[in-house]
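Structural description and commentary
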Amino acid sequence: MTVVRLQNVSKYFNHQPVINHLSLDVHKGEFLTLLGPSGCGKTTVLRLIAGLETCDTGTVLINGRDQTRLPACDRDVNTVFQSYALFPHMNVFDNIAFGLKLKKIGARHIRERVEKTLALVKLEGLETRSIHQLSGGQQQRVAIARAIVNQPLILLLDEPLSALDHKLRKQMRLDLRHLHRKLGITFVFVTHDQEEALTLSDRVVVMNHGTIQQIGTPKDIYETPVNLFVADFVGESNLFDASVIRILGTDMEIRFQGIAKTVQNRRNFQPGQTVKVLLRPEDMTVTRVQRQCPEESLPGRVREMIYKGTTVDLIIQLDSGQEVLVTEFFNEDDPNIFYDMDEPVCVSWIKGWEVILADE
């Protein structure tokens, strides 16, 4: 069931398009993330759903009803802002209860709902504490509690974790995911952090320049990007220039880095077409040179080794001059994972895990 539908929506600031003829369906109960670089229009999409901005063209439907011109206060939507926007002169309880009091709900029901919500966000016992006495993580939980206590149809979250330190962000990601499962309401989340998008979402919408580049599950977005922007923006990637030599049924032979390789032809490429080969760092393997590299391997030298605890990143300069990033899982019992600087190596990859994209 579609709970939000944006139909051919455009928004202009100073006669410049921020959102350009965008259409999007948000499904009931899902965790949808809008992902993209700063200025790509993701927060504007959120504000159009919330009613904090009005679209210049197109239609905003919420629960099947046209709400394009409906003011924010009349929409069954609540927003958690990047700055939290808490009331500094109110304590925790009054901040959370604010929306309920505006709806003229009885005092007993307000207290019950606030206490239940405090338990959901793990803030029991802090009802009387002032906002300035809370940590950043606690303030963020108050902002979420104030939004969900109204039991909205849709919860909009505009980069709510950006002000938190790395460890707290990781914890809050888990808390948000658990909260989504408990509440069962629709979450629309905005971030430029790829790790957040991949770990939190049911679906990810990758945006750039006010348009949607790709919509899919985190696995789809990471493993099968549809174009070079998505491939380069989401996660680390190694890109190689290549050309199609010939078609072999559902496969094709390509040439890159001086070697020929048979790969799947998933996008109906034609002979002579220039393409890009995408290889993720964790899909690549490194071996020491014995006498010479195998025929389908790429010779190179280790330029940097970065130990990350569970993994080791290797920056390798190929004989062609191109640098590639290779990630190997760390095994303290395997001394072969450690390489000397400038050591000659052979680089290969797991067959079938490459992604072939059109050269844009």
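Cut-off values and rules
- Residues numbered from 1 in each chain as written.
- Predicted model: local features only at pLDDT ≥ 70, side-chain atom pairs only at ≥ 80, totals over all residues.
- Heavy atoms only, no water.
- Pairing = 2+ DSSP bridges.
- Helix = DSSP H or I, 4+ residues; strand = E, 2+ residues; numbered from the N terminus.
- Axes fitted to C-alpha atoms, helices over the stretch in contact; angles between N-to-C directions.
- Contact = heavy atoms within 4.5 Å.
- Core = buried A, V, L, I, M, F, W, Y, C linked by side-chain atoms within 4.5 Å.
- Buried < 20%, exposed > 50% of the residue type's maximum accessible area, 1.4 Å probe, protein only.
- Salt bridge = Lys/Arg side-chain N within 4 Å of Asp/Glu carboxyl O.

Once that is clear, we can look at the sheet that holds strand 3 (residues 31-35). The pairing of strands in a sheet comes from backbone hydrogen bonds and takes either a parallel or an antiparallel form. Judged by pairing direction, the sheet is mixed, and its six strands sit side by side in the order 6-7-8-3-9-10 without closing on themselves. Since the sheet does not close on itself, it has two edges, and those belong to strand 6 (77-80) and strand 10 (211-216), each with one partner. Across the sheet, the axes of successive neighbouring strands diverge by a mean angle of 20°, strand direction being ignored. Strand direction decides the pairing type here: strand 7 (residues 154-158) and strand 8 (residues 186-191), joined by five bridges, are parallel. When the sheet's bridge partners are listed, Leu-155 is paired in strand 8 with Phe-187. The strands that helix 1 (residues 42-50) touches are strand 3, strand 6, strand 7, strand 8 and strand 9 (203-208); relative to strand 7, the one it contacts most, it runs at about 150°. Strand contacts of helix 5 (residues 166-183): strand 3, strand 7 and strand 8, with the helix running at about 160° to strand 8, the strand carrying the most contacts.

Here we come to the nonpolar core. Counting 35 residues, the largest nonpolar core has Ile-96, Val-114, Val-142, Ile-144, Leu-155 and Leu-176 as its most contacted members. Where this core is concerned, the elements lending two or more residues are helix 2 (92-102), helix 3 (107-120), helix 4 (136-148), strand 7, helix 5 and strand 8. Per-element tally for this core: the top contributor is helix 4, with six residues. Residue contacts for Ile-96: discarding those within four places in its chain leaves Val-114, Leu-118, Val-142, Ala-145, Arg-146 and Val-149.

All chains considered together, the criterion is met by 22 salt bridges. For Arg-173, the salt bridge identified is with Glu-195, shortest N-O distance 3.1 Å. In this pair, Arg-173 sits in helix 5 while Glu-195 sits in helix 6 (residues 194-200), placing the two residues 22 residues apart along the sequence. The network of salt bridges with shared partners includes Arg-169, Arg-173, Asp-193, Glu-195 and Glu-196.

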